[in-house]
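# A closer look at the structure
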Amino acid sequence: MACRSVISSSLHITNSMAIKGVLSFVPNSPLLLRLPKAATFLPFSASTKPPTKPFQVRSVAGTTEVASGFDEMVSGTKRKYYMLGGKGGVGKTSCAASLAVKFANNGHPTLVVSTDPAHSLSDSFAQDLTGGALVPVEGPDYPLFALEINPEKSREEFRNAAQKSGGSGVKDFMDGMGLGMIADQLGELKLGELLDSPPPGLDEAIAISKVMQFLESQEYSMFTRIVFDTAPTGHTLRLLSLPDFLDASIGKILKLRQKIASATSAIKSVFGQEETKQNAADKLEKLRERMIKVRDLFRDTDSTEFVIVTIPTVMAVSESSRLSASLKKENVPVKRLIVNQILPPSTSDCKFCAMKRKDQMRALDIILNDPELSSLLMIQAPLVDVEIRGVPALKFLGDIIWK
Ligand SMILES: Nc1ncnc2c1ncn2[C@@H]1O[C@H](COP(=O)(O)OP(=O)(O)OP(=O)(O)O)[C@@H](O)[C@H]1O
């Protein structure tokens, strides 16, 4: 009974949404888009108390809507990086994919990359993007390519290669992955020995090394906008603090190596061991320096921006606030906050919708009073009444969010 009432309420949400009918599926035909001539829903219904701060200036809907600053995001031909991140399931992929489509429709050859081990870019574009290579996305005016990096699978392949043909297999595999640099740096550390207990964060190292590949290789030089659909908050922060993580991992690697060395060769001269360790340390230090270069790039306000995506719930807002604080601590530029899946005011007597929206308004109020989040440009994205899949739907969402 309870279940039935939720289902009927959900249907009610769909029917009562002010943007209902904007996206409609016709069986056996492509997605039809009927773009609204003018958005008619207002940010607040009479039944919900508006947030205490002047919310309208940041509203996506209604007459007082303010742009997300897309003009600034799209201007200039110098390469720019956008990383979208936040709590799991809030709509990071949809927002990242819609931004990539928008860039590609506004003159930028664009690459969208997923570093989330649980990829959903393929689902979002309704296209198979797996395989770890660049895949062209059909539809936008300018080239749009997508890349899903699967760090866990890569590690598995790495392990297999090592088991099959020892050191050279590892080297070949790493070269193929664009990781030759890491192989060179770590070569003397006998990576095969470490595979049974890979240092924590190897996944992130693989992902970041792909980023380094973008920066250096000719193949990627055409892209003037690179959009990252990042893994949920925890992973993102580890990725951003990679040089620190490497410091810790380097320590672990050297300790492990020391253990192996003392167990297998008790008679080695102390001098010889020290020398090898010193070489290894030097090489790892070089690797760390390269990672620092990447870290600096991600902290470069001219070329990089981290966009936090959230939904209007207290839990998601709390996590976003912590993420914003951590990013600030890491000196990563953050300007925009997307609040996704906002319900329009209920135009019916649906109690569920009214309650839900009231809750959402409270969460928006918390954002506006949050010391970490209140200074960000808040972009509101409505909950739309169909799943956002495929380029036309992403274009539609992008035209709402990125103005
Ligand atoms: N504004 C919206 N209106 C309606 N549905 C939405 C909206 N934004 C996202 N969705 C839907 O919510 C689901 C989750 O979205 P998405 O995959 O973009 O989230 P995510 O944060 O990337 O998730 P994950 O952390 O699992 O990767 C998808 O089915 C997507 O179509």
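Criteria and cut-off values
Residues numbered from 1 in each chain as written. Predicted model: local features only at pLDDT ≥ 70, side-chain atom pairs only at ≥ 80, totals over all residues. Heavy atoms only, no water. UniProt positions renumbered as here; feature names shortened; annotations may be inferred. Pairing = 2+ DSSP bridges. Helix = DSSP H or I, 4+ residues; strand = E, 2+ residues; numbered from the N terminus. Contact = heavy atoms within 4.5 Å. Axes fitted to C-alpha atoms, helices over the stretch in contact; angles between N-to-C directions. 1 Å grid on protein atoms, 1.4 Å probe; cavity = no way out; pocket = protein on both sides within 12 Å on 5 of 7 lines; lining within 4 Å. Points joined across faces, edges and corners; volume = space filled by probe spheres on them. Nonpolar A, V, L, I, M, F, W, Y, C, P; charged D, E, K, R; others polar. Disulfide = S-S within 2.5 Å. Buried < 20%, exposed > 50% of the residue type's maximum accessible area, 1.4 Å probe, protein only.

Where an unreviewed UniProt entry is consulted, the protein appears under the name ArsA/GET3 Anion-transporting ATPase-like domain-containing protein, with the organism given as Psophocarpus tetragonolobus. Its UniProt record, at the heading Sequence similarities (unreviewed entry), says of the protein: "Belongs to the arsA ATPase family." Turning to the protein, the UniProt annotation filed under Catalytic activity (unreviewed entry) states: "ATP + H2O = ADP + phosphate + H(+)".

### Observations concerning the sheet that holds strand E4 (residues 110-114)
Read from one edge of the open sheet, eight strands run E5-E6-E4-E7-E3-E8-E9-E10, paired in mixed fashion. Where the open sheet ends on each side, the last strands, each with one partner, are strand E5 (135-136) and strand E10 (377-382). Contacting strand E3 (80-86), strand E8 (304-310) and strand E9 (334-342), helix H12 (residues 314-329) runs over the sheet at an angle of about 165° to E8.

### Here we look at the layout of surface pockets
Quantified by volume, the largest pocket comes out at close to 330 Å³. Lining the largest pocket are 17 residues; nearest its centre among them are Gly91, Ser94, Gln341, Glu387 and Ile388. Those elements giving two or more residues to the lining of the largest pocket turn out to be helix H3 (92-104), helix H4 (121-125) and E9. Taken together, the residues of the lining of the largest pocket sort by class into six nonpolar, eight polar and three charged.

### Quick notes on the state of the cysteines
For the structure shown, the criterion picks out one disulfide. In this model Cys350 forms its disulfide with Cys353; the gap between the sulfur atoms is 2.2 Å. Disulfide Cys350-Cys353: the torsion about the S-S bond is 85°, which places it as right-handed. The exposure classification of Cys350 matches that of Cys353, with both residues buried.

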